[in-house]
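# Breakdown of the fold
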Protein chains: 2
Amino acid sequence: MATQRIRDFLATRRPEGPCMILDLDVVRENYEGFVKALPQSRIFYAVKANPAPEILRLLVSLGSSFDTATVAEIEMVLDAGATPDRISFGNTIKKERDIARAYELGVSLYAVDCVEEVEKVARAAPGARVFCRVLTDGEGAEWPLSRKFGCVPEMAVSVLRRAHELGLQAYGVSFHVGSQQTNLKAWDRALSDASKVFRTLAKEGIVLKLVNMGGGFPTRYLKDVPSAQAYGLAIFDSLSKHFGNRIPETIIEPGRGMVGNAGVIRSEVVLVSKKSENDKLRWVYLDVGKFNGLAETMDEAIRYPIETAKDSDEKVPCVLAGPTCDSADVMYEKTPYPLPISLTVGDEILIEGTGAYTTTYASVAFNGFEPIRSYVI
Amino acid sequence: MATQRIRDFLATRRPEGPCMILDLDVVRENYEGFVKALPQSRIFYAVKANPAPEILRLLVSLGSSFDTATVAEIEMVLDAGATPDRISFGNTIKKERDIARAYELGVSLYAVDCVEEVEKVARAAPGARVFCRVLTDGEGAEWPLSRKFGCVPEMAVSVLRRAHELGLQAYGVSFHVGSQQTNLKAWDRALSDASKVFRTLAKEGIVLKLVNMGGGFPTRYLKDVPSAQAYGLAIFDSLSKHFGNRIPETIIEPGRGMVGNAGVIRSEVVLVSKKSENDKLRWVYLDVGKFNGLAETMDEAIRYPIETAKDSDEKVPCVLAGPTCDSADVMYEKTPYPLPISLTVGDEILIEGTGAYTTTYASVAFNGFEPIRSYVI
């Protein structure tokens, strides 16, 4: 996944220190892949995955819309040239003054998952469109979503009814099947739940229009994942099954699936050591770790592909750790990572699939290490 | 732990948004407590816990020395007015060019835990003093240290011997019993291991001088912890037991114990909701979370005391979550937190014991949320 453009950049520019290089051509291909796979859906890029202005400007030019978490992200998207009708304020947890600010900026689509949030939107953004997030079980996702967002489908009915009563436009339902979701059928159950909310409210004369199918589209790390086309077909089948010939407007919100495989982290081996003379396990310490780019190795959830110049040599199991004085700054220990036995201090390594959830996830300056630098090419 | 000075600051200044306020008077008391408890030990403040310049300047004026993780931290300490003889480069994972830079800046005390690191120090900081970190089992610590740092005691002998051969000053041994260590006997076993390294090398004519006893001194969260005095007595007993009348120079490196209880995070309730009508569990969402200040709630390791203006009301179990669109941004879910049933949107809460490992642990701008602001008073 280190493209030739990324390799050329590293070879000619030789940036100092650890960095993430992201190839916009890959983002463009990913966008076009989603359009082709789901031609009926609007694409709302999940800005939190990587808010680099170059990415936002490219996606604006390609016609993308944007899923945002905060007023700061809304402003970044507007700065990149998008009109506010292309923005969703997709966070279900918003201060009322932030809703008011988004409304002033022209944003008219808001996520909710409880009556209290509906009441805030009704006061701060009168007449806006709201969609209610429904809980899914997240089975099959490598990064399951817990129960933080959403409510059960029965409660979504009351939430949207309340929105209607308060003069908002009860616009639809959203769900999220869990990040890096590789089970193609995960969308089916959620779409079934969504269709029930549609039917219940239709009987009361409240006609929903939108299903926001969220993200969860995986990027390729070590295992092969189904292609965007395979996702598209499975989702279209489920939509037909549950909505018949009244298929609603649909939205998808890819984040990792849009930028994950476009980025590569270039790191340096700082130390290779053992804990005792007879230890079979080697410890490899890098200049990036959990606090300056690789936060998603938390609980060893995401296993990134790693490339070195010595990959044809014999490989031995290694614990992979970051450079801070924090004992939690270890990426792979429970399942050691096979790396060349010849790997040594000063060697460069490439950590692939790191275009999403790396740069802004980095800590401000923990231990004095600066956040990872990013080059978008 | 919200001191009157912190309460007055909040009442008069009314800062906007979530913030951490730290009372320097408490830091001063903590420093004096350590001096009193361990009058024979030099105190090296672990800068990573909180590198705010006001804290560093206060500790410089009180006579403290400093444990640093990077050249950036070394420069901060020098900027605060410390001379380089008061600085230890305590990270066992260092780039050779960073060792050279520290040496240029006058730093002459370095941590190592393997022969490879000794060789770097010998090349980049000729003649410097090195201490070798020894592995401990971390039993009894709330934040155990895994095996990331240190080597077994037998290997420490070879590491220090190699340092001696390369013209470095084989200066001592360090260990760390694990952060927030509440077992007073944890130091005893480590001191026993350290004394064996001293005796083995003494037979070869290599006379070590220093035992760096690291940190691990707890701050008071919800449970009462032993006082600094109790730690001091237990440690002095172990030193006498293992070193007899040849007690070495000792260093301690408190971080959390120096600043943890000096800080309070002021946060706002953004949303209170349930996932279904019959749900017994309430979800309370704050404007701070794992990515902008409360990273140490990872795995619910640290349970901070929380104060609200409604604490005399009935309390019910709540899941406590942060404001981002990240499902991992949940502080307490496995063990819900009892909070007033009357708690509602817009209420202020104080999260106590948050002076350490909060401000610099925060992410750069994940989801567009800025890092938590800090006021040192």
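Given the structure is predicted, the values throughout are model-derived calculations rather than measurements.

Calculation criteria
- Residues numbered from 1 in each chain as written.
- Chains lettered and ligands numbered in written order.
- Predicted model: local features only at pLDDT ≥ 70, side-chain atom pairs only at ≥ 80, totals over all residues.
- Heavy atoms only, no water.
- Helix = DSSP H or I, 4+ residues; strand = E, 2+ residues; numbered from the N terminus.
- Rg over C-alpha atoms; globule rule 2.2 N^0.38 Å.
- Buried < 20%, exposed > 50% of the residue type's maximum accessible area, 1.4 Å probe, protein only.
- Contact = heavy atoms within 4.5 Å.
- Areas by Shrake-Rupley, 256 points an atom, 1.4 Å probe, with all protein chains shown as cover.
- Lys, Arg positive; Asp, Glu negative; His and termini not counted.
- Charge placed at Lys NZ, Arg CZ, Asp CG, Glu CD.
- UniProt positions renumbered as here; feature names shortened; annotations may be inferred.
- Salt bridge = Lys/Arg side-chain N within 4 Å of Asp/Glu carboxyl O.
- Least-squares fit on C-alpha atoms with pLDDT ≥ 70 in both.
- Buried area = accessible area lost by both parts, 1.4 Å probe.
- Pairing = 2+ DSSP bridges.
- Expected span 1.5 Å × (residues − 1).
- Arc of directions from axis to C-beta.
- Polar contact = N/O pair within 3.5 Å; in protein donor to acceptor, adjacent residues only side chain to side chain.
- Domains from an automatic or database assignment.
- Phe/Tyr/Trp six-rings, centres within 6.5 Å; stacked < 30°, edge-to-face > 60°.
- Lys NZ or Arg CZ within 6 Å of the ring centre and 35° of its normal.
- Axes fitted to C-alpha atoms, helices over the stretch in contact; angles between N-to-C directions.
- Parallel < 35°, antiparallel > 145°, perpendicular 65-115°, else oblique.
- Left-handed = near helix turned anticlockwise from the far one by under 90°.
- Nonpolar A, V, L, I, M, F, W, Y, C, P; charged D, E, K, R; others polar.

This brings us to the overall build of chain A. In terms of regular secondary structure, chain A is built from ten helices and 18 strands. In terms of overall dimensions, chain A is globule-like: its C-alpha atoms have a radius of gyration of 22 Å, near the 21 Å expected for 377 residues. With respect to the three principal axes, the spread of C-alpha positions in chain A is 75 × 40 × 35 Å. Residues counted as buried form 64% of the 377 residues belonging to chain A. Counted over contacts in chain A with a minimum sequence separation of 6, partners at least 24 positions apart contribute 71%. Element-wise, carbon and sulfur atoms account for 50% of the exposed surface of chain A, whose accessible area totals about 13700 Å². Averaging the coordinates of the 44 positive side-chain charges in chain A and doing the same for the 49 negative ones gives two points 4 Å apart.

This part is about the side chain of A:Lys48. Inspection of the secondary structure puts A:Lys48 in the loop between strand 2 (41–46) and helix 3 (53–62). When its relative accessible area of 13% is taken as the criterion, A:Lys48 is described as buried.

The next point concerns the UniProt feature "modified residue: N6-(pyridoxal phosphate)lysine" (unreviewed entry) in chain A. Under the UniProt annotation, "modified residue: N6-(pyridoxal phosphate)lysine" (unreviewed entry) lies at A:Lys48. Setting aside residues up to four positions removed in sequence, A:Lys48 forms contacts with A:Asp67, A:Glu73, A:Tyr357, A:Thr360, B:Cys325, B:Phe366 and B:Asn367.

Residue and element names in this part refer to chain B. A complete count under the given rule lists 50 salt bridges over all chains for this structure. One salt bridge in this structure joins Glu-370 and Arg-373, with 3.0 Å as the shortest N-O distance. Given a relative accessible area of 47%, Glu-370 falls into the partly exposed group. On the accessibility criterion, Arg-373 (35% relative accessible area) is partly exposed.

This paragraph deals with the relation of the copies chain B and chain A. Expressed as a screw transformation, the operator carrying chain B onto chain A has a rotation angle of 180° and an axial translation of 0.0 Å, and the superposed copies differ by an RMSD of 0.0 Å. Such a combination of rotation and displacement between the chain copies is what one expects of a two-fold axis. Taking C-alpha positions as reference, the residue of chain B nearest the rotation axis is B:Ser363, located at 2.0 Å.

What follows is about unusual backbone geometry. Positive phi outside glycine occurs at A:Asn367, with the angle close to 65°. Take A:Asn367: it is sitting in the loop between strand 17 (348–352) and strand 18 (373–376). Located in the positive-phi region is B:Arg14, a residue other than glycine, with phi close to 40°. What makes B:Arg14 exposed here is its relative accessible area of 54%.

Attention now goes to the interface of chain B and chain A. Contacts between the two partners involve 72 residues from chain B and, on the opposite side, 72 residues from chain A. Buried surface at the junction of chain B and chain A, summed over both partners, amounts to about 5500 Å²; 60% is from carbon and sulfur atoms. Contact with chain A buries area across many residues of chain B, yet B:Lys148, B:Lys275 and B:Cys325 alone supply 13% of it, more than any other trio. At the junction of chain B and chain A, the tally comes to twelve salt bridges.

Right, let's talk about the pairing of strand 12 (residues 263–273) of chain B for a bit. On a regular strand, each side chain points to the face opposite its neighbour's, so the side chains alternate between the two faces of the sheet. Residue and element names in this part refer to chain B. With respect to burial, strand 12 is a largely interior element, eleven of its eleven residues being buried. The sheet contact formed by strand 1 (residues 19–22) and strand 12 spans four bridges and is antiparallel. Its bridge partner being in strand 12, Met-20 is matched across the sheet by Ile-265. In terms of strand pairing, strand 12 meets strand 17 (residues 348–352) through five bridges, oriented antiparallel. Opposite Val-264, over in strand 17, you have Glu-352 as the bridge partner. Taken together, the four bridges between strand 12 and strand 13 (residues 282–286) define a ladder with antiparallel strand orientation. Within strand 13, the position partnered with Val-269 by the bridge is Leu-286.

A few words now on helix 2 (residues 24–37) of chain B. Side chains three or four residues apart in an α-helix point the same way, a direct result of the helix having 3.6 residues per turn. Residues and elements named next belong to chain B. Over its 14 residues, helix 2 runs 20 Å from end to end, which matches the ideal 20 Å to within 8%, given 1.5 Å per residue. For helix 2, the complete set of buried residues consists of Leu-24, Val-26, Val-27, Asn-30, Tyr-31, Phe-34 and Ala-37. On an axial view of helix 2, the arc spanned by its buried residues comes to 155°, and they lie on one face. Of the residues in helix 2, the exposed ones pointing more than 90 degrees away from the buried face are Glu-29 and Lys-36. Capping the start of helix 2, Asp-23 holds a side-chain oxygen 2.9 Å from the backbone nitrogen of Asp-25, two or three residues further along.

Domain assignment breaks chain A into domain 1 (90–254) and domain 2 (261–376). For domain 1 of chain A versus domain 2 of chain A, the separation of C-alpha centres amounts to 36 Å.

Within this structure's numbering, the places UniProt gives as "active site" (unreviewed entry) are A:Cys325. Residue placement: A:Cys325 occurs in the loop between strand 15 (315–321) and strand 16 (330–340). Residue class for A:Cys325 comes out buried when judged on its relative accessible area of 16%. Apart from the residues within four sequence positions on either side, A:Cys325 is in contact with A:Asn367, B:Lys48, B:Ala69, B:Gly90, B:Asn91 and B:Phe149.

Considering all chains together, one arrives at 20 aromatic pairs over all chains under this definition. Three or more aromatic residues joined by ring pairs make a cluster, and in this case those are A:Phe291, A:Phe366, B:Tyr357 and B:Tyr361. Directly above the ring of B:Trp283 sits B:Lys275, whose terminal nitrogen or CZ lies 4.9 Å from the centroid.

So, on to the packing of helix 6 (residues 115–124) of chain A against helix 7 (residues 153–165) of chain A. Residues and elements named next belong to chain A. Direction vectors running N to C along helix 6 and helix 7 enclose 20°, while the axes themselves pass 9 Å from each other. Looking at the two axes, helix 6 sits roughly parallel to helix 7. Between helix 6 and helix 7 lies a crossing of right-handed hand. Only Val-159, Arg-162 and Ala-163 of helix 7 make contact with helix 6, whose side of the interface consists of Val-115, Val-118 and Glu-119. Of the residues assigned to the contact of helix 6 with helix 7, the class counts are four nonpolar, no polar and two charged.

In this section: the packing of helix 2 (residues 24–37) of chain A against helix 9 (residues 228–243) of chain A. Residue and element names in this part refer to chain A. In the contact formed by helix 2 and helix 9, the axes pass within 8 Å of each other and the chain directions differ by 30°. Considering the angle they form, helix 2 stands roughly parallel to helix 9. In terms of crossing hand, the pair formed by helix 2 and helix 9 is right-handed. Seen from helix 2, the contacting residues are Gly-33, Lys-36 and Ala-37; seen from helix 9, they are Ala-228, Gln-229 and Gly-232.

A separate point is the environment of B:Ala356. Residues and elements named next belong to chain B. As for its placement among the helices and strands, Ala-356 is situated in the loop between strand 17 and strand 18 (373–376). Of the residues examined, Ala-356 reaches a relative accessible area of 0% and is grouped as buried. When the C-alpha atoms of Ala-356 and Leu-135 are compared, they prove to be 24 Å apart, with 221 residues separating the residues in sequence. Residues contacting Ala-356, with those up to four places away along its chain left out, are Ala-49, Arg-256, Val-259 and Gly-260.

Our next topic: helix 3 of chain A. Within the span of helix 3 of chain A, buried status applies to A:Ile55, A:Leu56, A:Leu58, A:Leu59 and A:Val60. Following helix 3 of chain A by one or two positions, A:Gly63 adopts a phi angle in the positive range, close to 105°.

Turning our eyes to something else, we now look at the side chain of A:Ser273. Relative to the helices and strands, A:Ser273 resides in strand 12 (residues 263–273). A:Ser273 sits in the buried class, given a relative accessible area of 3%. Look past the residues within four positions of A:Ser273 in its chain and what remains in contact with it is A:Leu281, A:Arg282, A:Trp283, A:Tyr285, B:Cys114 and B:Glu116.

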